[in-house]
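Fold and geometry: a report
The chain contents come next:
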Amino acid sequence: MAIEQPVERPLSPHLQVYRREFNMLTSILTRITGNALIVSALMIVWWLLAASTSESYFAVANGFVTSWFGQLIWALSLLGIWYHYLAGLRHLYFDAGHGLDMETADKLGWVCLIGSVVLTLITLLIV
Amino acid sequence: MRYLTARKRAIGKGASGTGTEHHWQMQVSAVALAFLVPTFLIVMGRAIGQDHAGVLATFARPFPAILAGLTIFVSMIHFKKGAIMMIEDYWHGSLRKVLIMLVIGLSYSIIAVGLFALAKMAL
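So, a few notes on the structure that sits alongside this text. (Residues numbered from 1 in each chain as written. Chains lettered and ligands numbered in written order. Predicted model: local features only at pLDDT ≥ 70, side-chain atom pairs only at ≥ 80, totals over all residues.)

Some thoughts on the overall build of chain A
Helix and strand content of chain A: five helices and zero strands. Tracing chain A from N to C terminus, the helices and strands come up as α-α-α-α-α. A globule of 127 residues ought to have a C-alpha radius of gyration of about 14 Å, yet chain A, at 21 Å, is considerably larger. Considering only C-alpha atoms, chain A reaches an extent of 65 × 55 × 25 Å along its principal axes. When contacts within chain A are restricted to residue pairs at least 6 apart in sequence, long-range pairs at least 24 apart make up 71% of them. (Helix = DSSP H or I, 4+ residues; strand = E, 2+ residues; numbered from the N terminus. Rg over C-alpha atoms; globule rule 2.2 N^0.38 Å. Contact = placed C-beta atoms within 7 Å.)

Details of the overall build of chain B
When helices and strands are counted, chain B shows five helices and zero strands. Along chain B, helices (α) and strands (β) appear in the sequence α-α-α-α-α when read from the amino end. The C-alpha atoms of chain B give a radius of gyration of 19 Å, which is well past the 14 Å a tight globule of 123 residues would have. Counting only C-alpha atoms, chain B reaches 65 × 30 × 25 Å along its principal axes. By residue count, 21% of the 123 residues in chain B fall in the buried class. The contacts in chain B between residues at least 6 apart in sequence include a share of 69% that link residues at least 24 apart. (Buried ≥ 20, exposed ≤ 12 C-beta atoms within 10 Å, placed from the backbone.)

A look at the environment of Ala-36 of chain A
One can find Ala-36 of chain A in helix α1 (residues 22-36). Residue class for Ala-36 of chain A comes out partly exposed when judged on the 14 C-beta atoms lying within 10 Å of it.

Quick word on the nonpolar core
In this structure, Val-45, Leu-48 and Ala-51 of chain A are the most contacted members of the largest nonpolar core, which totals 25 residues. Put simply, the parts of the chain that give this core at least two residues each are α2 (38-53) and α3 (55-65) of chain A together with α2 (21-47), α3 (52-60), α4 (62-90) and α5 (93-122) of chain B. Broken down by element, the residue count for this core peaks at seven residues, all from α2 of chain A. In contact with Ala-51 of chain A, not counting residues within four places along its chain, are Phe-58 of chain A together with His-52, Val-55, Leu-56, Ala-117 and Met-121 of chain B. Residues Ile-81, Trp-82, Tyr-83 and Ala-87 of chain A belong to the second largest nonpolar core, which totals ten residues. (Core = buried A, V, L, I, M, F, W, Y, C linked by C-beta atoms within 7 Å.)

Focus: α1 of chain A
For α1 of chain A, with 15 residues, the first-to-last C-alpha span of 21 Å sits near the 21 Å given by 1.5 Å per residue. Every buried residue of α1 of chain A is accounted for by Thr-26, Thr-33 and Gly-34 of chain A. One side of α1 of chain A holds all its buried residues, which, seen down the axis, span an arc of 100°. Exposed residues lying more than 90 degrees from the buried face of α1 of chain A are Met-24, Leu-25 and Ile-28 of chain A. Contacts from the buried residues of α1 of chain A go to α4 (68-95) and α5 (102-126) of chain A together with α4 of chain B. (Expected span 1.5 Å × (residues − 1). Arc of directions from axis to C-beta.)

Some remarks on the interface of chain A and chain B
Facing the 24 residues of chain A at the interface are 28 residues of chain B. Contributions of two or more residues to the side of chain A that touches chain B are made by α1, α2, α3 and α4 of chain A. Considering every element that reaches the side of chain A that touches chain B, the biggest residue donor is α2 of chain A, with nine residues. Partitioned by chemical class, the residues of the side of chain A that touches chain B number 15 nonpolar, six polar and three charged. (Nonpolar A, V, L, I, M, F, W, Y, C, P; charged D, E, K, R; others polar.)

Some details on the environment of Leu-79 of chain A
Residue and element names in this part refer to chain A. The topology assignment puts Leu-79 in helix α4. Separated by 14 residues in the primary sequence, Leu-79 and Val-65 have C-alpha atoms spaced 17 Å apart. Setting aside residues no more than four positions away along its own chain, Leu-79 makes contact with Ser-116, Val-117 and Thr-120.

Some words on the packing of α4 of chain A against α2 of chain B
At a closest axis distance of 11 Å, the pairing of α4 of chain A and α2 of chain B adopts a crossing angle of 135°. With respect to their mutual orientation, α4 of chain A and α2 of chain B come out oblique. Here α4 of chain A and α2 of chain B pass one another in a crossing that is left-handed. On the side of α4 of chain A, the interface is formed by Ile-81, Tyr-85, Gly-88, Leu-89, Leu-92 and Asp-95 of chain A, while α2 of chain B contributes Gln-27, Ala-30, Ala-34 and Val-37 of chain B. Its residues assigned to classes, the contact of α4 of chain A with α2 of chain B comprises seven nonpolar, two polar and one charged. (Axes fitted to C-alpha atoms, helices over the stretch in contact; angles between N-to-C directions. Parallel < 35°, antiparallel > 145°, perpendicular 65-115°, else oblique. Left-handed = near helix turned anticlockwise from the far one by under 90°.)

Structural notes on the packing of α3 of chain B against α5 of chain B
Residue and element names in this part refer to chain B. Axis separation between α3 and α5 bottoms out at 8 Å; the angle between their running directions is 95°. Classified by the interaxial angle, the pair formed by α3 and α5 is roughly perpendicular. Contacts from Leu-56, Phe-59 and Ala-60 of α3 reach α5 at Leu-118, Met-121 and Ala-122.

Okay, structure coming up:
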């Protein structure tokens, strides 16, 4: 009877064997921004719950949310959501089979990076 | 007795065993969020910074309340799938299962808290 033993198998080479490419940055940023947005989701539902509970609880949550630290989280979340938004649209465009040559992909990557900053500033100005 | 042949059961499923279901669900929620998020940002941006009475008045109106509920629900479904995908990439074994359970629990908890708060203010 064979006893199952854990075997140290070689892993296939990963990040260390690749030259750094622009696409790596745009790709990992999509994942980081998407998952980091959970912070603002928690803040939003906490603030909503406090508002629905009582005046005094709302004062606590609203105090945090409108403090400089809360404002910093909102600003970073805006940058995150706009980047994730644009990168998501780019992803849908890729999925449909367009823009997959290097030049167009890189160009769209820059659109995501610069566009997210521009959209964040616009949001901060008008809202 | 299985009536389907092994080939018939495997076809179209790929390595994940679930075919393109995950990817398709992400595309659907992504397109939904593409419409929801900009509108939600405007509503939330205007609501934050108001006093308590102002916030209650905002979410007593149908449009902000329904929009917020829908955005919280769809975004958490989208987050759940995306976060599970990340966990599957970086963690293995029992830790992976625990983390996936935590993410699913967190996502549904946020939906429940958000919808409860909105319902209480709207009704």
